[in-house]
Amino acid sequence: MSKHLLSIADLDAAELAALLKTAEYFKQARYRGSELRGKTLATIFEKPSLRTRTTLEVATVHLGGHAVYLDAGQIGLGRREPVRDVAENLGRWVEGIAARVNKHETVAGLAEHAGVPVINALSDAHHPLQALADLMTLKEAFGRLQGVRLTYVGDGNNVLASLLEAAALSGVEVTVSTPEGYEPDPGLLERARARFVRDPFEAVRGADAVYTDVWTSMGQEAEAERRLRDFAGYTVTPELMEAADREAIFLHCLPAHYGEEVTEAVAYGPQSRIFDQAENRLHTVKAVLAHYLGGRPWSG
Ligand code: CP
Ligand code: NVA
(Lines give C-alpha, C1' and ligand atoms only; values in the text may rest on other atoms or scores of the structure.)
(Ligands and ions follow the chains in the order given, each with its own letter.)
Protein backbone atom coordinates (compact mmCIF):
# COMPACT_ATOMS: atom_id res chain seq x y z
CA MET A 1 0.00 0.00 0.00
CA SER A 2 1.24 3.48 -0.84
CA LYS A 3 1.73 5.85 2.07
CA HIS A 4 0.07 8.61 0.03
CA LEU A 5 -3.16 9.06 -1.93
CA LEU A 6 -2.16 11.23 -4.87
CA SER A 7 -4.34 9.42 -7.39
CA ILE A 8 -6.63 6.39 -7.41
CA ALA A 9 -3.76 4.52 -9.10
CA ASP A 10 -2.05 4.54 -5.67
CA LEU A 11 -4.66 1.94 -4.64
CA ASP A 12 -5.13 -1.64 -5.70
CA ALA A 13 -8.57 -3.20 -6.10
CA ALA A 14 -8.57 -4.65 -2.57
CA GLU A 15 -7.61 -1.32 -0.99
CA LEU A 16 -10.30 0.49 -2.96
CA ALA A 17 -12.87 -2.08 -1.85
CA ALA A 18 -11.68 -1.73 1.77
CA LEU A 19 -12.07 2.06 1.70
CA LEU A 20 -15.61 1.75 0.33
CA LYS A 21 -16.51 -0.91 2.88
CA THR A 22 -15.23 1.27 5.73
CA ALA A 23 -17.10 4.29 4.34
CA GLU A 24 -20.33 2.29 4.12
CA TYR A 25 -19.90 1.14 7.71
CA PHE A 26 -19.13 4.69 8.87
CA LYS A 27 -22.26 5.97 7.14
CA GLN A 28 -24.69 3.40 8.54
CA ALA A 29 -23.14 3.56 12.03
CA ARG A 30 -23.01 7.40 12.03
CA TYR A 31 -19.50 6.63 13.15
CA ARG A 32 -17.56 8.63 15.71
CA GLY A 33 -14.17 7.22 16.71
CA SER A 34 -10.80 7.99 18.19
CA GLU A 35 -8.47 6.93 15.36
CA LEU A 36 -7.08 10.47 15.11
CA ARG A 37 -6.97 11.28 18.83
CA GLY A 38 -4.02 13.58 19.47
CA LYS A 39 -3.35 13.82 15.72
CA THR A 40 -3.41 16.83 13.44
CA LEU A 41 -4.21 17.06 9.73
CA ALA A 42 -2.84 20.09 7.89
CA THR A 43 -4.98 21.13 4.92
CA ILE A 44 -3.55 23.37 2.22
CA PHE A 45 -5.79 25.01 -0.38
CA GLU A 46 -4.52 26.85 -3.45
CA LYS A 47 -8.08 26.95 -4.84
CA PRO A 48 -11.57 27.42 -3.38
CA SER A 49 -13.52 24.51 -1.88
CA LEU A 50 -16.80 23.82 -0.12
CA ARG A 51 -17.13 20.02 -0.03
CA THR A 52 -13.50 18.96 0.22
CA ARG A 53 -12.45 21.39 2.90
CA THR A 54 -15.55 20.87 5.02
CA THR A 55 -15.56 17.08 4.80
CA LEU A 56 -11.83 16.85 5.58
CA GLU A 57 -12.33 18.96 8.68
CA VAL A 58 -15.57 17.31 9.83
CA ALA A 59 -14.16 13.82 9.25
CA THR A 60 -11.08 14.70 11.29
CA VAL A 61 -13.30 15.89 14.15
CA HIS A 62 -15.44 12.73 13.93
CA LEU A 63 -12.27 10.64 14.34
CA GLY A 64 -11.15 12.62 17.38
CA GLY A 65 -8.44 14.67 15.66
CA HIS A 66 -7.79 18.29 14.79
CA ALA A 67 -7.44 19.97 11.39
CA VAL A 68 -5.38 23.08 10.66
CA TYR A 69 -6.43 25.05 7.56
CA LEU A 70 -3.60 26.69 5.67
CA ASP A 71 -4.44 29.15 2.92
CA ALA A 72 -1.80 28.54 0.27
CA GLY A 73 -1.54 32.28 -0.41
CA GLN A 74 -0.77 32.90 3.25
CA ILE A 75 1.91 30.25 3.56
CA GLY A 76 3.25 31.14 0.10
CA LEU A 77 3.57 27.54 -1.05
CA GLY A 78 6.40 27.52 -3.59
CA ARG A 79 6.76 31.30 -3.36
CA ARG A 80 7.48 32.38 0.22
CA GLU A 81 9.37 29.14 0.54
CA PRO A 82 9.89 26.03 -1.57
CA VAL A 83 7.36 23.19 -1.54
CA ARG A 84 10.09 20.99 -0.10
CA ASP A 85 10.58 23.25 2.93
CA VAL A 86 6.85 23.52 3.60
CA ALA A 87 6.67 19.71 3.49
CA GLU A 88 9.72 19.22 5.73
CA ASN A 89 8.32 21.68 8.30
CA LEU A 90 4.78 20.33 8.35
CA GLY A 91 6.09 16.77 8.58
CA ARG A 92 7.71 17.65 11.93
CA TRP A 93 4.39 18.86 13.41
CA VAL A 94 1.43 17.02 11.93
CA GLU A 95 0.43 13.42 11.19
CA GLY A 96 -0.94 14.06 7.69
CA ILE A 97 -1.37 16.66 4.95
CA ALA A 98 -4.21 17.16 2.48
CA ALA A 99 -3.50 19.58 -0.35
CA ARG A 100 -5.54 21.12 -3.18
CA VAL A 101 -3.09 22.46 -5.74
CA ASN A 102 -2.90 24.07 -9.14
CA LYS A 103 -0.21 21.74 -10.42
CA HIS A 104 -0.13 18.03 -9.61
CA GLU A 105 3.66 18.22 -9.17
CA THR A 106 3.10 20.37 -6.06
CA VAL A 107 1.16 17.68 -4.19
CA ALA A 108 3.67 15.08 -5.44
CA GLY A 109 6.47 17.30 -4.08
CA LEU A 110 4.78 17.50 -0.69
CA ALA A 111 4.50 13.70 -0.64
CA GLU A 112 8.16 13.30 -1.54
CA HIS A 113 9.39 15.40 1.37
CA ALA A 114 6.79 15.43 4.16
CA GLY A 115 7.48 12.05 5.74
CA VAL A 116 3.76 11.79 6.64
CA PRO A 117 0.82 10.68 4.45
CA VAL A 118 -0.22 13.23 1.82
CA ILE A 119 -3.75 13.20 0.38
CA ASN A 120 -4.52 14.91 -2.92
CA ALA A 121 -7.53 17.15 -2.29
CA LEU A 122 -7.70 17.94 -6.07
CA SER A 123 -5.03 18.85 -8.57
CA ASP A 124 -5.24 19.79 -12.25
CA ALA A 125 -4.77 16.08 -13.07
CA HIS A 126 -6.65 14.08 -10.40
CA HIS A 127 -9.43 14.22 -7.82
CA PRO A 128 -9.22 10.87 -6.00
CA LEU A 129 -11.39 11.85 -3.03
CA GLN A 130 -14.20 12.64 -5.45
CA ALA A 131 -13.94 9.29 -7.24
CA LEU A 132 -14.30 7.42 -3.94
CA ALA A 133 -17.60 9.19 -3.23
CA ASP A 134 -18.69 8.60 -6.84
CA LEU A 135 -18.18 4.85 -6.50
CA MET A 136 -19.89 4.76 -3.11
CA THR A 137 -22.93 6.51 -4.62
CA LEU A 138 -23.05 4.10 -7.56
CA LYS A 139 -22.82 1.14 -5.21
CA GLU A 140 -25.68 2.50 -3.11
CA ALA A 141 -27.81 2.98 -6.19
CA PHE A 142 -27.14 -0.37 -7.88
CA GLY A 143 -25.91 -2.66 -5.09
CA ARG A 144 -22.74 -3.42 -7.07
CA LEU A 145 -20.07 -1.77 -9.18
CA GLN A 146 -19.09 -4.56 -11.56
CA GLY A 147 -20.86 -4.01 -14.85
CA VAL A 148 -22.58 -0.76 -13.90
CA ARG A 149 -22.69 1.37 -17.07
CA LEU A 150 -21.73 5.00 -16.51
CA THR A 151 -21.53 7.63 -19.23
CA TYR A 152 -19.46 10.73 -18.58
CA VAL A 153 -20.46 13.69 -20.77
CA GLY A 154 -18.33 16.84 -20.89
CA ASP A 155 -14.73 17.80 -20.23
CA GLY A 156 -11.98 15.18 -20.08
CA ASN A 157 -10.64 16.66 -16.85
CA ASN A 158 -9.29 15.76 -13.39
CA VAL A 159 -12.63 14.37 -12.18
CA LEU A 160 -12.92 12.08 -15.19
CA ALA A 161 -9.29 10.92 -14.80
CA SER A 162 -9.94 9.72 -11.25
CA LEU A 163 -13.28 8.19 -12.23
CA LEU A 164 -11.57 6.23 -15.02
CA GLU A 165 -8.87 5.00 -12.64
CA ALA A 166 -11.54 3.98 -10.15
CA ALA A 167 -13.50 2.22 -12.90
CA ALA A 168 -10.39 0.26 -13.88
CA LEU A 169 -10.21 -1.13 -10.32
CA SER A 170 -13.92 -1.79 -9.78
CA GLY A 171 -15.40 -3.01 -13.05
CA VAL A 172 -17.59 0.04 -13.73
CA GLU A 173 -18.07 0.23 -17.51
CA VAL A 174 -17.42 3.81 -18.57
CA THR A 175 -18.37 5.53 -21.81
CA VAL A 176 -16.87 8.97 -22.36
CA SER A 177 -18.29 11.67 -24.61
CA THR A 178 -16.41 14.94 -25.07
CA PRO A 179 -16.12 17.52 -27.83
CA GLU A 180 -13.05 17.40 -30.04
CA GLY A 181 -9.94 18.59 -28.22
CA TYR A 182 -11.25 17.78 -24.73
CA GLU A 183 -10.71 14.01 -24.69
CA PRO A 184 -9.03 12.40 -21.67
CA ASP A 185 -5.60 10.84 -21.90
CA PRO A 186 -5.90 7.75 -24.18
CA GLY A 187 -3.92 5.67 -21.66
CA LEU A 188 -6.58 6.34 -19.02
CA LEU A 189 -9.33 5.23 -21.39
CA GLU A 190 -7.40 2.12 -22.28
CA ARG A 191 -6.61 1.09 -18.71
CA ALA A 192 -10.30 1.50 -17.80
CA ARG A 193 -11.31 -0.35 -20.99
CA ALA A 194 -13.63 2.65 -21.52
CA ARG A 195 -15.53 3.41 -24.71
CA PHE A 196 -15.29 6.78 -26.40
CA VAL A 197 -18.38 8.00 -28.27
CA ARG A 198 -18.40 11.52 -29.67
CA ASP A 199 -22.18 11.97 -29.85
CA PRO A 200 -23.63 12.42 -26.32
CA PHE A 201 -27.05 10.98 -27.24
CA GLU A 202 -25.45 7.84 -28.61
CA ALA A 203 -23.06 7.72 -25.63
CA VAL A 204 -25.78 7.69 -22.97
CA ARG A 205 -27.86 4.95 -24.63
CA GLY A 206 -28.34 2.16 -22.06
CA ALA A 207 -26.43 4.06 -19.35
CA ASP A 208 -27.25 3.36 -15.68
CA ALA A 209 -25.63 6.66 -14.65
CA VAL A 210 -24.89 9.92 -16.44
CA TYR A 211 -22.09 12.03 -14.97
CA THR A 212 -20.92 15.50 -15.86
CA ASP A 213 -18.66 18.21 -14.47
CA VAL A 214 -18.07 21.89 -15.25
CA TRP A 215 -16.74 22.82 -18.66
CA THR A 216 -14.37 25.38 -17.14
CA SER A 217 -12.44 24.05 -14.17
CA MET A 218 -10.79 26.20 -11.51
CA GLY A 219 -7.75 27.86 -13.06
CA GLN A 220 -9.16 27.75 -16.63
CA GLU A 221 -11.31 30.88 -16.31
CA ALA A 222 -9.49 32.64 -19.18
CA GLU A 223 -10.76 29.91 -21.53
CA ALA A 224 -14.37 30.12 -20.34
CA GLU A 225 -15.81 31.83 -23.43
CA ARG A 226 -14.14 29.49 -25.88
CA ARG A 227 -15.19 26.48 -23.81
CA LEU A 228 -18.82 27.64 -23.78
CA ARG A 229 -18.75 27.57 -27.57
CA ASP A 230 -16.82 24.30 -27.85
CA PHE A 231 -19.10 22.39 -25.46
CA ALA A 232 -22.36 23.41 -27.14
CA GLY A 233 -24.54 20.30 -27.45
CA TYR A 234 -22.97 18.58 -24.41
CA THR A 235 -25.42 19.90 -21.79
CA VAL A 236 -27.12 17.18 -19.73
CA THR A 237 -30.76 18.05 -20.37
CA PRO A 238 -33.97 16.14 -19.59
CA GLU A 239 -33.90 15.04 -23.25
CA LEU A 240 -30.41 13.59 -22.86
CA MET A 241 -31.46 11.80 -19.66
CA GLU A 242 -34.39 10.32 -21.57
CA ALA A 243 -31.96 8.74 -24.00
CA ALA A 244 -30.31 6.85 -21.10
CA ASP A 245 -31.81 3.90 -19.21
CA ARG A 246 -35.24 4.71 -17.74
CA GLU A 247 -33.85 4.14 -14.23
CA ALA A 248 -30.63 6.06 -14.86
CA ILE A 249 -29.28 8.29 -12.14
CA PHE A 250 -27.52 11.64 -12.60
CA LEU A 251 -24.22 12.48 -10.90
CA HIS A 252 -22.16 15.67 -10.65
CA CYS A 253 -19.21 16.34 -8.34
CA LEU A 254 -20.35 19.98 -7.81
CA PRO A 255 -20.07 22.92 -7.91
CA ALA A 256 -22.29 23.09 -11.00
CA HIS A 257 -22.70 25.85 -13.55
CA TYR A 258 -26.42 25.45 -14.19
CA GLY A 259 -27.44 26.08 -17.76
CA GLU A 260 -24.01 25.05 -19.00
CA GLU A 261 -23.05 21.39 -18.40
CA VAL A 262 -26.43 20.54 -16.79
CA THR A 263 -29.87 22.09 -16.47
CA GLU A 264 -31.52 22.69 -13.10
CA ALA A 265 -34.35 20.38 -14.19
CA VAL A 266 -31.92 17.44 -14.25
CA ALA A 267 -29.80 18.41 -11.24
CA TYR A 268 -32.85 18.93 -8.99
CA GLY A 269 -34.95 16.27 -10.70
CA PRO A 270 -35.96 12.78 -9.52
CA GLN A 271 -33.02 10.99 -11.16
CA SER A 272 -30.41 13.19 -9.50
CA ARG A 273 -28.19 11.80 -6.74
CA ILE A 274 -25.91 14.83 -6.48
CA PHE A 275 -26.53 15.51 -2.80
CA ASP A 276 -26.11 11.84 -1.81
CA GLN A 277 -22.85 12.01 -3.73
CA ALA A 278 -21.84 15.14 -1.79
CA GLU A 279 -22.83 13.49 1.49
CA ASN A 280 -20.68 10.50 0.60
CA ARG A 281 -17.66 12.78 0.35
CA LEU A 282 -17.78 12.84 4.17
CA HIS A 283 -18.00 9.08 4.70
CA THR A 284 -15.32 8.26 2.12
CA VAL A 285 -12.83 10.86 3.30
CA LYS A 286 -13.37 9.64 6.85
CA ALA A 287 -12.40 6.16 5.65
CA VAL A 288 -9.30 7.58 3.95
CA LEU A 289 -8.20 9.38 7.12
CA ALA A 290 -8.92 6.37 9.35
CA HIS A 291 -6.82 4.08 7.14
CA TYR A 292 -4.01 6.45 6.13
CA LEU A 293 -3.53 8.43 9.34
CA GLY A 294 -5.45 6.50 11.97
CA GLY A 295 -3.90 3.06 11.58
CA ARG A 296 -7.23 1.37 10.85
CA PRO A 297 -6.36 -2.06 9.41
CA TRP A 298 -6.92 -2.48 5.66
CA SER A 299 -8.30 -5.98 6.04
CA GLY A 300 -10.83 -7.47 8.45
N1 CP B 1 -16.51 18.36 -5.51
C2 CP B 1 -15.62 19.12 -4.85
O3 CP B 1 -14.42 18.78 -4.74
O4 CP B 1 -16.12 20.26 -4.32
P5 CP B 1 -15.30 21.47 -3.67
O6 CP B 1 -14.52 22.09 -4.82
O7 CP B 1 -16.32 22.39 -3.11
O8 CP B 1 -14.37 20.91 -2.65
N1 NVA C 1 -13.06 19.92 -12.52
C2 NVA C 1 -13.41 20.79 -11.42
C3 NVA C 1 -13.78 20.01 -10.21
C4 NVA C 1 -14.18 20.79 -9.02
C5 NVA C 1 -14.52 19.94 -7.84
C6 NVA C 1 -12.24 21.71 -11.13
O7 NVA C 1 -11.09 21.26 -11.17
O8 NVA C 1 -12.48 22.90 -10.91
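Look a little higher up for the structure.
This write-up is about the structure you can find in this document.

### Describing the packing of aromatic side chains
At step 1: If you walk through the whole model with that rule in mind, you get nine aromatic pairs.
At step 2: For the ring pair Tyr 152 and Tyr 211, a centre distance of 5.7 Å and an interplane angle of 35° mean the geometry is tilted. You can see Tyr 152 sitting in strand β5 (residues 149-153) and its partner Tyr 211 sitting in strand β8 (residues 209-212), a full 59 residues away along the chain.
At step 3: Overall, the relative accessible area of 0% leaves Tyr 152 in the buried class.
At step 4: Since its relative accessible area comes to 0%, Tyr 211 is described here as buried.
At step 5: Look at Trp 215 and Phe 231: their rings are 5.4 Å apart centre to centre, the planes differ by 15°, and that puts the pair in the stacked class. With a gap of 16 residues between them, Trp 215 in the loop between β8 and α10 (224-230) and Phe 231 in the loop between α10 and α11 (238-242) connect regions that are remote in the sequence.
At step 6: When its relative accessible area of 3% is taken as the criterion, Trp 215 is described as buried.
At step 7: Taken together, the ring pairs connect Tyr 25, Phe 26 and Tyr 31 into an aromatic cluster.
At step 8: For Arg 296, the ring lying beneath its charged end belongs to Tyr 31, and the centroid distance is 5.8 Å.

### What to know about the site of ligand 2
At step 1: Contacts to ligand 2 come from Leu 122, Asn 157, Asn 158, Val 159, Asp 213, Val 214, Ser 217, Met 218 and Leu 254.
At step 2: A distance of 3.4 Å separates a nitrogen atom of ligand 2 from a polar atom in the side chain of Asn 157.
At step 3: The side chain of Asn 158 places a nitrogen or oxygen atom 2.8 Å from an oxygen atom of ligand 2.
At step 4: Burial of ligand 2 by the surrounding chains reaches 95%, relative to a free accessible area of 270 Å².

### Some points on the pairing of strand β9 (residues 249-252)
At step 1: Alternating positions in β9 separate into two faces, Ile 249 and Leu 251 on one and Phe 250 and His 252 on the other, with burial throughout.
At step 2: Where β8 lies against β9, four bridges are found, and the strand directions are parallel. Its bridge partner lying in β9, Ala 209 is registered against Ile 249.

### Considerations on the nonpolar core
Where a protein is soluble and globular, its nonpolar side chains tend to be buried together.
At step 1: Core analysis: the biggest nonpolar cluster contains 55 residues, and Leu 138, Leu 150 and Leu 164 have the highest contact counts within it.
At step 2: Ignoring any residue separated from it by four or fewer positions in sequence, one finds Leu 150 in contact with Leu 138, Leu 163, Val 172, Glu 173, Val 174, Thr 175, Ala 209, Tyr 211 and Leu 251.
At step 3: One finds Leu 6, Leu 77, Ala 111 and Val 116 within the second-largest nonpolar core, a separate group that totals 21 residues.

Cut-offs and rules
Residues numbered from 1 in each chain as written. Chains lettered and ligands numbered in written order. Predicted model: local features only at pLDDT ≥ 70, side-chain atom pairs only at ≥ 80, totals over all residues. Heavy atoms only, no water. Phe/Tyr/Trp six-rings, centres within 6.5 Å; stacked < 30°, edge-to-face > 60°. Helix = DSSP H or I, 4+ residues; strand = E, 2+ residues; numbered from the N terminus. Buried < 20%, exposed > 50% of the residue type's maximum accessible area, 1.4 Å probe, protein only. Lys NZ or Arg CZ within 6 Å of the ring centre and 35° of its normal. Near = heavy atom within 4 Å. Polar contact = N/O pair within 3.5 Å; in protein donor to acceptor, adjacent residues only side chain to side chain. Areas by Shrake-Rupley, 256 points an atom, 1.4 Å probe, with all protein chains shown as cover. Pairing = 2+ DSSP bridges. Core = buried A, V, L, I, M, F, W, Y, C linked by side-chain atoms within 4.5 Å. Contact = heavy atoms within 4.5 Å.

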